[in-house]
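Observations on chain architecture
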Number of protein chains: 2
Amino acid sequence: MSSQSLNKDQSQKRLLKTLRGEVVDRPPIWLMRQAGRYLPEYRKTRKQARDFLDLCYTPDLAVEVTLQPLRRFDLDAAILFADILLIPDALGQNVAFKEGEGPVLEPVTSAEELQALKLDNVATHLAPIMETLRGLSKALPSHVTLIGFAGSPWTVATYMVNGRGSPDQRATRIFAHKDSVGFQALIDLVTDATISYLRAQIDAGAEVIQLFDSWAAHMPDPQFKRWSIEPTARIVAALNESHPGVPVIGFPRGAGAGALRYVAETGINAVGLDTGVPLEWARDELQSKLPVQGNLDPFALVAGGDALRDETERQLKTLGNGSHIFNLGHGIVPETPPEHVGALVDQVTSWRR
Amino acid sequence: MSSQSLNKDQSQKRLLKTLRGEVVDRPPIWLMRQAGRYLPEYRKTRKQARDFLDLCYTPDLAVEVTLQPLRRFDLDAAILFADILLIPDALGQNVAFKEGEGPVLEPVTSAEELQALKLDNVATHLAPIMETLRGLSKALPSHVTLIGFAGSPWTVATYMVNGRGSPDQRATRIFAHKDSVGFQALIDLVTDATISYLRAQIDAGAEVIQLFDSWAAHMPDPQFKRWSIEPTARIVAALNESHPGVPVIGFPRGAGAGALRYVAETGINAVGLDTGVPLEWARDELQSKLPVQGNLDPFALVAGGDALRDETERQLKTLGNGSHIFNLGHGIVPETPPEHVGALVDQVTSWRR
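Residues numbered from 1 in each chain as written. Chains lettered and ligands numbered in written order. Predicted model: local features only at pLDDT ≥ 70, side-chain atom pairs only at ≥ 80, totals over all residues.

Moving on, we come to the overall build of chain A. Scanning chain A from terminus to terminus reveals 18 helices and 9 strands. Relative to the 2.2 N^0.38 estimate, which gives 20 Å for 353 residues, the radius of gyration of chain A is 19 Å and therefore close to what a compact globule would have. Projected onto its principal axes, the C-alpha positions of chain A cover 55 × 45 × 40 Å. In chain A, which comprises 353 residues, the share counted as buried stands at 54%. Considering only contacts in chain A between residues 6 or more positions apart, those separated by 24 or more positions represent 75%. (Helix = DSSP H or I, 4+ residues; strand = E, 2+ residues; numbered from the N terminus. Rg over C-alpha atoms; globule rule 2.2 N^0.38 Å. Buried ≥ 20, exposed ≤ 12 C-beta atoms within 10 Å, placed from the backbone. Contact = placed C-beta atoms within 7 Å.)

Our next topic: the interface of chain A and chain B. Where the parts come together, the accessible area they lose is often given as the size of the interface. Opposite the 30 residues of chain A that make contact, chain B presents 31 residues. Residue assignment for the side of chain A that touches chain B shows that the elements contributing at least two residues are helix H11 (170-178), helix H15 (279-287), helix H16 (298-303) and helix H17 (305-319) of chain A. The biggest single contributor to the side of chain A that touches chain B is H11(A), with 5 residues. Classifying every residue of the side of chain A that touches chain B gives 15 nonpolar, 7 polar and 8 charged. (Nonpolar A, V, L, I, M, F, W, Y, C, P; charged D, E, K, R; others polar.)

Attention now goes to the relation of the copies chain A and chain B. The operation relating chain A to chain B is a screw motion whose rotation component is 180°, with 0.0 Å of axial translation and a residual RMSD of 0.0 Å. When the rotation and shift are considered jointly, the pair of chain copies conforms to a two-fold rotation axis. The C-alpha atom lying nearest the rotation axis in chain A is that of Gly256(A); the distance is 1.9 Å. Taken together, the interface assignments show that 100% of the residues at the interface of chain A recur at the interface of chain B, consistent with an identical surface on both copies. (Least-squares fit on C-alpha atoms with pLDDT ≥ 70 in both.)

Moving on, we come to unusual backbone geometry. Cis geometry is adopted by the peptide bond preceding Asn295(A), which originates at Gly294(A) and carries an omega value of -20°. Take Asn295(A): it is sitting in strand E8 (residues 292-296). In this structure, Gln169(A) is a non-glycine residue whose phi angle is positive, near 50°. Within the fold, Gln169(A) resides in the loop between helix H10 (153-162) and H11. Gln169(A) gets classed as buried once you count the C-beta atoms within 10 Å, which come to 23. Positive phi values are uncommon outside glycine, yet His218(B) reaches one of about 70°. With respect to the secondary-structure elements, His218(B) resides in the loop between strand E5 (208-213) and helix H13 (221-242).

With that out of the way, let us pick up helix H9 (residues 127-139) of chain B. Residues and elements named next belong to chain B. Relative to the 18 Å expected for 13 residues at 1.5 Å per residue, H9 spans 19 Å between its end C-alpha atoms, a close match to the ideal helical length. Considered for burial, the residues of H9 that qualify are Ile129, Met130, Thr132, Leu133, Leu136 and Ser137. Looking straight down H9, one finds its buried side chains confined to an arc of 155°; they lie on one side. (Expected span 1.5 Å × (residues − 1). Arc of directions from axis to C-beta.)

Before going further, it helps to spend a moment on the packing of H17(A) against helix H18 (residues 338-350) of chain A. All names here are of chain A. The geometry of H17 relative to H18 is characterised by a closest axis approach of 11 Å and an angle of 35° between their N-to-C directions. Read as a crossing pair, H17 and H18 show a hand that is right-handed. The residues of H18 that touch H17, namely those facing Leu308, Arg309, Thr312 and Leu316, are His340, Ala343, Leu344, Gln347 and Val348. Split into classes, the residues belonging to the contact of H17 with H18 amount to 5 nonpolar, 3 polar and 1 charged. (Axes fitted to C-alpha atoms, helices over the stretch in contact; angles between N-to-C directions. Left-handed = near helix turned anticlockwise from the far one by under 90°.)

Within the fold, Gln48(A) resides in the loop between helix H3 (40-46) and helix H4 (52-57). Along the backbone, Gln48(A) and Leu105(A) are 57 residues apart, and their C-alpha atoms lie at a distance of 24 Å.

Residues and elements named next belong to chain B. Within the open sheet, the 7 strands sit side by side as E1-E4-E5-E6-E7-E8-E9. Their pairing is parallel. Unpaired on one side and paired on the other, strand E1 (77-79) and strand E9 (324-328) mark the two borders of the sheet. Adjacent strand axes in the sheet meet at a mean angle of 25°, parallel and antiparallel pairs treated alike. Across 2 bridges, strand E7 (residues 270-272) lies against strand E8 (residues 292-296) in parallel orientation. Within the sheet, the bridge partner assigned to Gly272 lies in E8 and is Gln293. Helix-sheet contacts for helix H17 (residues 305-319) involve E8 and E9, and the interaxial angle to E8 is about 155°. (Pairing = 2+ DSSP bridges.)

Residue and element names in this part refer to chain A. When pLDDT is averaged along chain A, the result is 95; 97% of the residues meet or exceed 70. Under a pLDDT of 50 for its full length, residues 1-7 has, in the predicted model, 12 contacts with residues more than four places off or in other chains. Model confidence for the complex: the whole-complex pTM is 0.95, and ipTM, which rates the interface, is 0.93. (pLDDT = per-residue confidence, 0-100.)

Residues of H15(A) that are buried include every one of Leu279(A), Trp281(A), Ala282(A), Leu286(A) and Gln287(A), and no others. Buried positions in H15(A), seen along its axis, are confined to an arc of 155° and lie on one side of it. Exposed side chains of H15(A) directed beyond 90 degrees from the buried face belong to Glu280(A) and Asp284(A). Where the residues of H15(A) are buried, they touch helix H14 (259-266), strand E7 (270-272), E8 and H17 of chain A together with H13 of chain B.

Let's shift gears to the packing of H15(A) against H17(A). Think of two packed helices as two axes; the pair is described by the angle between the axes and how far apart they sit. All names here are of chain A. Two numbers describe how H15 lies on H17: the axes approach to 9 Å, and their chain directions differ by 30°. Classified by the angle between their axes, H15 and H17 sit roughly parallel to one another. When the axes of H15 and H17 are compared, the crossing they make is right-handed. Across the interface between the two elements, Leu279, Glu280, Ala282, Arg283 and Gln287 of H15 pack against Arg314, Gln315, Thr318 and Leu319 of H17. Broken down by class, the residue content of the contact of H15 with H17 amounts to 3 nonpolar, 3 polar and 3 charged. (Parallel < 35°, antiparallel > 145°, perpendicular 65-115°, else oblique.)

Looking now at the pairing of strand E5 (residues 208-213) of chain A. Residue and element names in this part refer to chain A. Counting buried positions over the 6 residues of E5 gives 6, a clear majority of the element. Burial along E5 is two-sided: Val208, Gln210 and Phe212 facing one way and Ile209, Leu211 and Asp213 facing the other are all buried. Across 5 bridges, the pairing between strand E4 (residues 145-151) and E5 is parallel. When the sheet's bridge partners are listed, Ile147 is paired in E5 with Val208. With respect to chirality, the unit in which E5 leads through helix H13 (residues 221-242) into the neighbouring parallel strand E6 (residues 248-252) is right-handed. (Right-handed = clockwise from strand over helix to strand, strands pointing away.)

Attention now goes to the environment of Arg26(A). Residues and elements named next belong to chain A. Relative to the helices and strands, Arg26 resides in the loop between helix H2 (14-19) and H3. C-alpha of Arg26 to C-alpha of Gly245: the two residues are 219 residues apart in sequence and 22 Å apart in space. Non-local contacts of Arg26, meaning those with residues more than four positions away in its chain, are made with Thr349, Trp351, Arg352 and Arg353.

Next up on the list: the sheet that holds E4(A). Residues and elements named next belong to chain A. Here 7 strands make up an open sheet; going across it, the order is E1-E4-E5-E6-E7-E8-E9 and the pairing parallel. Two strands close off the open sheet at either side, each with one partner strand: strand E1 (77-79) and strand E9 (324-328). Strand-to-strand twist of the sheet, defined as the mean angle between neighbouring strand axes without regard to direction, takes the value 25°. Pairing between E6 and E7: 2 bridges, direction parallel. Residue Gly250 lies in a different strand from E7, and its bridge partner there is Val271. Running over the sheet, H17 touches E8 and E9 and is turned about 155° from E8.

Dropping the structure here:
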C-alpha cells in the first residue's frame, strides 16, 4: 500500500508544513511520551495487555493509547505507540520489559551471538505495528500529523550489548573501542533492519519519522561520527531515496556542541533539542539552518504554575518566531499532572507569531 | 598557617605554570580518580578503614591513597583524596556510603530539614582533611602540584535533595522549579560552606582548586545560570579575594554548548571538558579564551591498545599545542588495567610541543 492512499489532505497539518519550510500561524506542538503512564486512561488500557511488548504488538490497544492524548489536548501530531527495542526483538534477541525495572535483554557480546540475529523475520514480526499505523492513519483528524519512529542504531545497540539501560553505556563503549569491526557488524545489522522498518512505517501511513538517539552523549568525535552520525546518514539517505519528501527529525540527546556536526552531516530535516541545549545558541547556530524541535524541561511540566508558564513563554519568545516545533527536551515523566499538559497546550496553541 | 609556608618552589610545576598562562614543554597530565579502585594497593589500604568516609577522614590513610598513583606514574599533580559529599556530612546531614550502592543521604526536602543543617561545625568536622593536605604538601615532589577540590553547590545539592545519585536528578529539579526560594536557601548554605572549606584547603597547601559540577547537564538556561553559574561565580570571587593567584578549574560535566556561558560568567581560570565535548569546537571556542582540561574517554583507557594510543594522539594534536592540561573526560573506572594508565602517561610525557 502506498503512503499516498492513506495520507489525508496535508494542507491543514502545521507540523508537516513547518518541516517543509512553510511559516504557519504558530509553532506546531506535540510531546515526547504524550501517550503514557501519566494518563489514567493509559494505565487502564495497559492492564488489558499481558505486558508492555504485548501492548505494542496489539494494534487495537496501540491505536487506543496513541489516540488518548489527542482526545484531551489539541496536539498537532500523534506518535506511533511502540518502543525502540522492537528492532532487537524482531531480530531474535530475547527482550523483556520487567515492571519497575525497564527493558532487560540477553546481551549480545560475541560474533556467535551476533550471528544468531537475523533480518529475515523482521518484516513479519513487525507487521502488527503497520496495522497500528494504518488504523491511526484512518482515525486521526485531518490536521494531525502521524509520526513514525525508531531508535538510532547506536542507541539500540547500547541496549543490545549492555542488556539494559545504564547511565554511561559502559559495556557498549568498551566493546566498540576493543572490537570496532565486530561492533560495526552489529551497527550495520541494526541499520538495515531500521531502514526496512521505517520504509514499512511510511508505507503504512507515517508522514514524518523521528530517530531517537537517546544515548548520543559522552562520545569522543570519531566514535560519535562512526556510530551515531554515519548510520543516521545512511538511514536518512535510504528513506530519501525510497520515500522522497518524508521529513526525518533527528534527536541526538546530550550531544551538546556535537549537534553542529550531526546537523551538518546526517541529512536530517529537523533537529530535536534536549533540555540542556541553550536556547539562544540553538537559535543562532541550529535554527538558522533547519527547523528545531524542543526543548521544554519535563520537570517544569511536573511543577506547573509560574515555572511552567515562564519557561514556555521563554521558549516561544526565543524560538517561536523561527522554524520551531514545540516539544519537551525529553519524554513526559509519569508523575506529570495531566492538567499541566492541558495548560501548556493551551498556552502554545493560543500564542501567535 | 599561610599557603606560602607550605608551598614548595613552584617553578618546576607544569600544571601551575600552564594555569598561569605559561607555555611549557608539554601539557601537564593528571587523571580524575587517579587514586582509586583500579589500583590493587588502593583496595588494600581501603580495607584498613571502617568505611569510605572513614578513609577520607583518616589523614594517614588519605595521604597514602593520594600518593599511590604518583609512585606508579609520572603525573604532574596529586588531587586530595576526599569526596564531594563531605560538605553535607559536615553540615549535619546523615551521609553513608553503602558498598556497591554509592552514597545514601537522608534527603532534605523541607524548610525544617534545611533549618537543621548548620555551618557552625563545618570547620571542625573537616579539620582532618586539612591535616591530609598538610601531609601531602610535605610529601609531594617539587614538580607535582597539589589540587584541592569540592563539588559545585548544584551538584552537591542534587544528592542532598534526592538522597542518592540519579540519572536525571528528578527530585531536585522538581523541587527547584516548585520552590525556588527554598532551594536558593539550600544552595546559599552549601555555597557558604564550600567557600570556607576551600579557603581552608588552600591555607593547608592546595595550590589549585577544582570545582566538580558533575550534574550540570539537562538544565534550561535560567536554571543553569541560577543554580550552577551564579554559585560557582560566588565561590571563585571569594577565593580570588582571600587567595589571589590560586587558580580554579571548573568542570561543568555535560553542559554542552552551555560551557560557553559558564566560561564567560563564572570567572574560572580553566575549564574541564567531558568526553562528549568535540575537540575542534573546544579548541576554537574555549581554548581560545582559557586553558582547557580533558577529555580522553575513560573507556578508551579501559580498552587500551590502538584505541587508546590513537585517541591520545588525537587529543595531543588537537589541543596539545595550546593551553592544555591532559586529563580524562570523566573519572577512571574500576575495571581499568593500571598498565594502560602507565602507557597513557608515557605517551603524554614523552610528547613535545
